[in-house]
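# What the coordinates show
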Amino acid sequence: MRRLLLMASFLVAANALAVAPQFWRVQSADEFLQGELTGFAVTARGELRPAPAVRKLATFTDPFVLSQTSAPNGDRFFGTGNDGKIYRLRGTDLKVLFTAPEPEIYAVEYRNDALYVGTSPNGKIYRVDPNSGAQTVFFDPQAAYIWDLEFLPNGDLAVATGIEGKLFRVDAKGVGKVVFDSTETHLRSLAARKDTILAGGSGQGRLYEISNSGASHALYDSALSEISSIYVDANGIGWAAGVTNVLPSSAPAKASTAKSGSAQQQSSSTSGQSGEQKSESAGQVEVSFSFDEGSSPAASMATSGAAELYRIDTDGFVEPVQKFEREMIYAVSGSANGGILVSTGPNGRIYEYRNGEFSLIGSVPEKQVVSIANGIVTTTNSGAVYQIEQRPSSTAEFRSAAKDVERFSRFGNYRIEGRNLGTGTVAIAFRSGNTATPDETWSDWSQPATSLNGNIPVPAGRYLQWKLTTPRPGIDMVVDNVTLAYVNRNVAPVIDAVIVQEPAVVFISSAYPAAPQVVEATNPDEYGIFTSLDTPRDRAQDPGKRMFRKGFRTVMWRARDDNGDDLRYSIFFREKGSDRWLRLRENIEETQLNFDTSQFPDGRYELRVVASDAIGNPDLPLTSVKEGVEFLVDNTSPKVTVTNGGNEVMVRITDDLSPVGKVEYSADAEKWVRMTPVDGLADSGDETFRLEKKDVDGKFIVVRAVDSFYNVATENVGPK
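Read on for a plain summary of the structure. (Residues numbered from 1 in each chain as written. Predicted model: local features only at pLDDT ≥ 70, side-chain atom pairs only at ≥ 80, totals over all residues. Heavy atoms only, no water.)

### Some words on the layout of surface pockets
Empty space left among the atoms is revealed by rolling a probe the size of a water molecule over them. Put simply, the largest pocket is a space of about 1100 Å³. The wall of the largest pocket is formed by 47 residues, among which Q68, E109, D148, I372 and A373 lie closest to the centre. For the lining of the largest pocket, the secondary-structure elements that each account for two or more residues are β6 (64–70), β10 (104–111), β14 (145–151), β18 (186–193), β22 (226–232), β28 (328–334) and β32 (368–373). Looking at which element gives the most residues to the lining of the largest pocket, the answer is β28, with seven residues. A per-class count over the lining of the largest pocket returns 27 nonpolar, 14 polar and six charged. (1 Å grid on protein atoms, 1.4 Å probe; cavity = no way out; pocket = protein on both sides within 12 Å on 5 of 7 lines; lining within 4 Å. Points joined across faces, edges and corners; volume = space filled by probe spheres on them. Helix = DSSP H or I, 4+ residues; strand = E, 2+ residues; numbered from the N terminus. Nonpolar A, V, L, I, M, F, W, Y, C, P; charged D, E, K, R; others polar.)

This is the structure:
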């Protein structure tokens, strides 16, 4: 009963304006994902649910927080760009632990009370003390970029590099060797699985598997250009992200000037920790690199593209799981409940894949979530660190995209449907405007309404937006759809064109009887003196088969209604010069009409076509009128005058209203022969034709003249 009353309220609210309100429904996952979410999750089934709380842990002055790792004691470490810093987050205390000579830190790992930091471009792997920040160079791969680090079960460190796309294996003493030299420009991502290494390339976008012995083979050739991240879950299943991305194809040039400021001071102070550290690092402090922020790989993370998530079975079978048309996947990791977490840009979103279903579980304002591990995410634009917590968010907001209702409209009622939506669980507010992007010209947000249905209290306009909040959030609450009613302001129909066909042309639809093929008038007395040949036709179909019937005229028109209202048409006529319109047809759906003029006096007449949207707007109908379209009625046959003179017989054809069309003669009842006028062109109402007397004498000669209205006159010009 409540639903019936609600629908009735929709109709009552709209009836004062029109009987056909329109509805904006947001109910699918794609529709919800067009909005902005904080504290809400969107499931693949199109459900809006409470999301896990996302809490900011730290904000950085660095624009890019590119990598992260953690220690068993709970310390967290973050690598940044453009200043190549390592930060340590201990509780709430964030401090710079190490500043590298190189500007980017794309990879960082923790093992056996030491931090391993891979720097780029033209960088090295540093071993950094997690407490003091003291550092030594652990391994120099002589590579332009170090993209990823992964410790293997035996303690060796796998190193993914570019520009030459090599994979190094480094032992505990810092001695490394190339175990895989790929055809990729870069090896971009790594993950260890049992006795093999999974590696992702950039350039060709392939997934590789490399054994302990160095044997390698490609598992999958992605249609995208890069495998940006790989993760192996507790069951040994691999998960990889394919993206469209272009990384540098050559190394940046080395500069001769030293990196100044805190980097040199940091290196100098840490070099003094021991003689061994000083020996290994002293020659490196004076090296720095020219670096263009706008063209760096880190800066490229601010762009959007396409992406795919792949599942890698233990037997090596790879299959796509999910496609992202306008997002880049930067990182893949595991969630606390056994699902897979995916971080993306350019909308700063975090997705979870669990039990075969994708859900959007969170978003951050920085728009690019470039790393994710153990529920911690890092961002660029600007750099920040967030934690995904197990508890649901205490506050949530969903803000819809601005809806273009296509023209100035009034707004009616709303309806929220879902499950476990108790009183005050959700609140909805609205605003409207006349610009595509909400700005100061829009109305203020309305007061939040906690009812699941009610009125939309905003001014009329072309655009509408709504936001949903949770004053009393419930863990099990689900919003399935939100429906809003609106009514476009009625606009008048438009008649684009009215055309009167040539005399005697009619169009017969497929509904006309196929046999006998005799064109006859239907309902000759229903509408008055002008009868019609045709039955109503579907306006979306062709006008019909072109045929001819003497005395008939066909008028056709083209009209439209920007509200989408159904139109009805009335057609009137009058004698030219008269001020009185007479009915021809009223309230018809068709956009053409044929009518019989054979019983009407000759002369020039005018047509008037009226289009009305009254069927959809009975209270305030609007019309459009097109008039002054002329047509001629000519039911009088031409006159034939014959004059004998000398060796010729002159035949003159005259017609007061229309040009002489076709003139023919027949001798002794044989075939008709077309005659040519003396002036060579039959284009007027007075034409003369010539016959040789020798061709006429002694024969039965009949001349037939037909004007442009198919009126016929005949005359015997032979012997009487």
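### Let's talk about the nonpolar core
One finds I416, W466 and L468 to be the most contacted residues of the largest nonpolar core, which totals 47 residues. If we skip the residues at most four places from it in the chain, W466 touches W24, V26, F32, F398, R399, S400, I428, A429, F430, W445, V482 and L484. Residues V555, Y605, F631 and V633 belong to the second largest nonpolar core, which totals 21 residues. (Core = buried A, V, L, I, M, F, W, Y, C linked by side-chain atoms within 4.5 Å. Buried < 20%, exposed > 50% of the residue type's maximum accessible area, 1.4 Å probe, protein only. Contact = heavy atoms within 4.5 Å.)

### Section: empty space enclosed by the protein
On inspection of all chains with the given rule, the structure shows three cavities of 30 Å³ or more. Approximately 50 Å³ is the volume attributed to the largest cavity. The wall of the largest cavity is formed by P503, A504, K550, G551, F552, R553, T597, D634, N635, F709 and N711. Grouping the constituent residues of the lining of the largest cavity by class yields four nonpolar, four polar and three charged.

### Remarks on the pattern of salt bridges
The full count for this structure, using the stated rule, is 33 salt bridges. For K323, the salt bridge goes to E308, with nearest N and O atoms at 3.9 Å. Separated by 15 residues along the polypeptide, K323 in strand β27 (residues 318–324) and E308 in strand β26 (residues 307–312) bring together distant segments of the chain. Across the pair R568 and E589 runs a salt bridge whose closest N-O atoms are separated by 3.9 Å. Taken together, the residues span a long stretch of sequence, with R568 in strand β45 (residues 568–575) and E589 in the loop between β46 (582–588) and β47 (592–596) at a distance of 21 residues. What makes E589 partly exposed here is its relative accessible area of 38%. In the salt-bridge network here, residues are joined through shared partners; they are R45, E47, R49, E357, R419 and D480. (Salt bridge = Lys/Arg side-chain N within 4 Å of Asp/Glu carboxyl O.)

### Overview of the environment of E586
By the secondary structure assignment, E586 is in strand β46. Between the alpha carbons of E586 and R568 there is a distance of 8.2 Å; along the sequence they are 18 residues apart. E586 has contacts with Y569, S570 and F572, leaving out every residue within four places of it along the chain.

### Some words on the sheet that holds β47
Within a sheet, adjacent strands bond to each other through the backbone by hydrogen bonds, running parallel or antiparallel. The strand order β41-β44-β47 describes an open sheet built from three strands, whose pairing is antiparallel. Of all strands in the sheet, those bounded by a partner on one side alone are β41 (494–500) and β47. Strand-to-strand twist across the sheet, computed as the mean angle between neighbouring axes with direction ignored, equals 20°. Here strand β44 (residues 552–560) runs beside β47; their pairing, made up of five bridges, is antiparallel. Each residue of the ladder has a partner; that of T554, found in β47, is N594. (Pairing = 2+ DSSP bridges. Axes fitted to C-alpha atoms, helices over the stretch in contact; angles between N-to-C directions.)

### What to know about the pairing of strand β36 (residues 403–419)
Across three bridges, β36 lies against strand β39 (residues 461–469) in antiparallel orientation. Looking at the pairing, K403 lines up with L464 of β39. Pairing of β36 with strand β40 (residues 478–488), which is carried by nine bridges, proceeds in the antiparallel orientation. If you follow G418 over to β40, its bridge partner there is V479. Note: β36 against strand β38 (residues 453–455), three bridges, orientation antiparallel. Bridge pairing links N413 to N455 in β38.

### Quick word on the packing of aromatic side chains
Applying the stated rule across the entire model yields 26 aromatic pairs. When the centroid spacing of 5.9 Å and the interplanar angle of 15° are considered together, the rings of F77 and Y110 count as stacked. Residue F77 is found in strand β7 (residues 76–81), and its partner Y110 is found in strand β10; the two are separated by 33 residues along the sequence. Just as F77 is buried, Y110 falls in that class too. Three or more aromatic residues joined by ring pairs form one cluster here, namely W239, F324, Y351, Y353 and F358. Across the ring face of W672, the terminal group of R704 is positioned such that the distance to the ring centre comes to 4.2 Å. (Phe/Tyr/Trp six-rings, centres within 6.5 Å; stacked < 30°, edge-to-face > 60°. Lys NZ or Arg CZ within 6 Å of the ring centre and 35° of its normal.)

### A short note on the sheet that holds strand β56 (residues 712–716)
Spatial strand order, β53-β52-β55-β56: four strands in an open sheet with antiparallel pairing. Two strands close off the open sheet at either side, each with one partner strand: β53 (673–674) and β56. Pairing of strand β52 (residues 660–667) with strand β55 (residues 701–707), which is carried by seven bridges, proceeds in the antiparallel orientation. Paired with E664 across the bridge in β55 is R704.

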